[in-house]
Amino acid sequence: MAALGAGRALGLSSWAIGAGAIRSLVWDRLCRHAQPTPLPDIDLVYFDPADLRPERERQLEARLRAALPGLNWEVCNQAAVHLWGEREPGRPMTPWQSLADGVASWPETATAVAAWLDEEDRVRILAPCGLEDLMNGVLRHNPRHCSAAVFERRLADKRFLQRWPALRLLPARDYTPPR
C-alpha cells in the first residue's frame, strides 16, 4: 500500500505498479510461502506520449526513492518502449497506444497485471490478459511479447518453478509477431 501511495503521489494520469510485484505477492500466497519472495525491483509503469525522455523516468525514480528509499524502483513510460524495445532481434515494435496495451505485452500472462490506487484509496486492477492465470498459478507464455525460445530462457533465468513449485506450466508456442 505504501508503494501504491508513493506512485499516486507522482500525479501521473495513467500509471500502475505491476509485473513481479503483483505476481510474486499472489503466487507466494498460492504456494503458502511463510516469507515473501524478495523483489529485485518495483516496476512502476505509466503512459505519457508527450514526454518520451528517459530523463523523465529517472526523475520519477528519484522521487520514489526519496519517498520510499528501501525499495528499488524501476520506472518505465510504456509510450516510449518502442524506442528501445524489439519483439525479436531485427523486428522493431510499434508504439503502444495506452498503458493497458503496454501491460498486455508483458512476457507471461500472469505477469501482465498491474494495480494503482485511486483518489478514494481503492486498489484498481489492470489485467488486459485476465486474472485467471495469475490466480490459478498458471505459467503461460504471452505471445504478444516474445518467442517460445525467449520464454524458455525466462523460465530458467527467473526460476519460476523452483520458487513456486505448485505452478502449472503450459508449453510455449512459437508465433510470428505482426509487423
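Refer to the structure printed above.
Now for a description of the structure that goes with this document. (Residues numbered from 1 in each chain as written. Predicted model: local features only at pLDDT ≥ 70, side-chain atom pairs only at ≥ 80, totals over all residues. Heavy atoms only, no water.)

**Quick word on the pattern of salt bridges**
And step 1. A complete count under the given rule lists 10 salt bridges for this structure.
And step 2. A salt bridge links R58 to E57, with the shortest nitrogen-to-oxygen separation between them at 3.5 Å.
And step 3. Exposure remark for R58: the relative accessible area of 41% places this residue in the partly exposed category.
And step 4. One salt bridge in this structure joins E120 and R122, with 2.8 Å as the shortest N-O distance.
And step 5. On the accessibility criterion, E120 (53% relative accessible area) is exposed.
And step 6. Here R122 falls in the partly exposed class, since its relative accessible area comes to 40%.
And step 7. Linked by salt bridges that have partners in common, E57, R58, E61 and R65 make up one network. (Salt bridge = Lys/Arg side-chain N within 4 Å of Asp/Glu carboxyl O. Buried < 20%, exposed > 50% of the residue type's maximum accessible area, 1.4 Å probe, protein only.)

**Remarks on the layout of surface pockets**
And step 1. By volume, the second largest pocket is sized at about 510 Å³.
And step 2. Taken together, 23 residues form the lining of the second largest pocket, with M1, A21, I22, L25 and L39 sitting closest to its centre.
And step 3. Elements represented by at least two residues in the lining of the second largest pocket include exactly helix 1 (2–9), helix 2 (20–30) and strand 7 (123–126). (1 Å grid on protein atoms, 1.4 Å probe; cavity = no way out; pocket = protein on both sides within 12 Å on 5 of 7 lines; lining within 4 Å. Points joined across faces, edges and corners; volume = space filled by probe spheres on them. Helix = DSSP H or I, 4+ residues; strand = E, 2+ residues; numbered from the N terminus.)

**Let's talk about the nonpolar core**
And step 1. Among the nonpolar cores identified, the biggest contains 33 residues, and I17, W27, L44 and W73 are the most heavily contacted of them.
And step 2. Mapped by element, the contributors of at least two residues to this core are helix 1, strand 1 (15–18), helix 2, strand 2 (42–46), helix 3 (54–67), strand 3 (73–77), strand 6 (114–117) and helix 6 (148–158).
And step 3. Considering each element in turn, this core owes the most residues, 4 residues, to helix 2.
And step 4. Sequence-distant contacts of I17, that is, excluding residues within four places in its chain, are made with A3, L4, I22, I42, D43, L44, W73, V113, A114 and A115.
And step 5. V45, M93, W96 and L99 belong to the second largest nonpolar core, which has 15 residues in total. (Core = buried A, V, L, I, M, F, W, Y, C linked by side-chain atoms within 4.5 Å. Contact = heavy atoms within 4.5 Å.)

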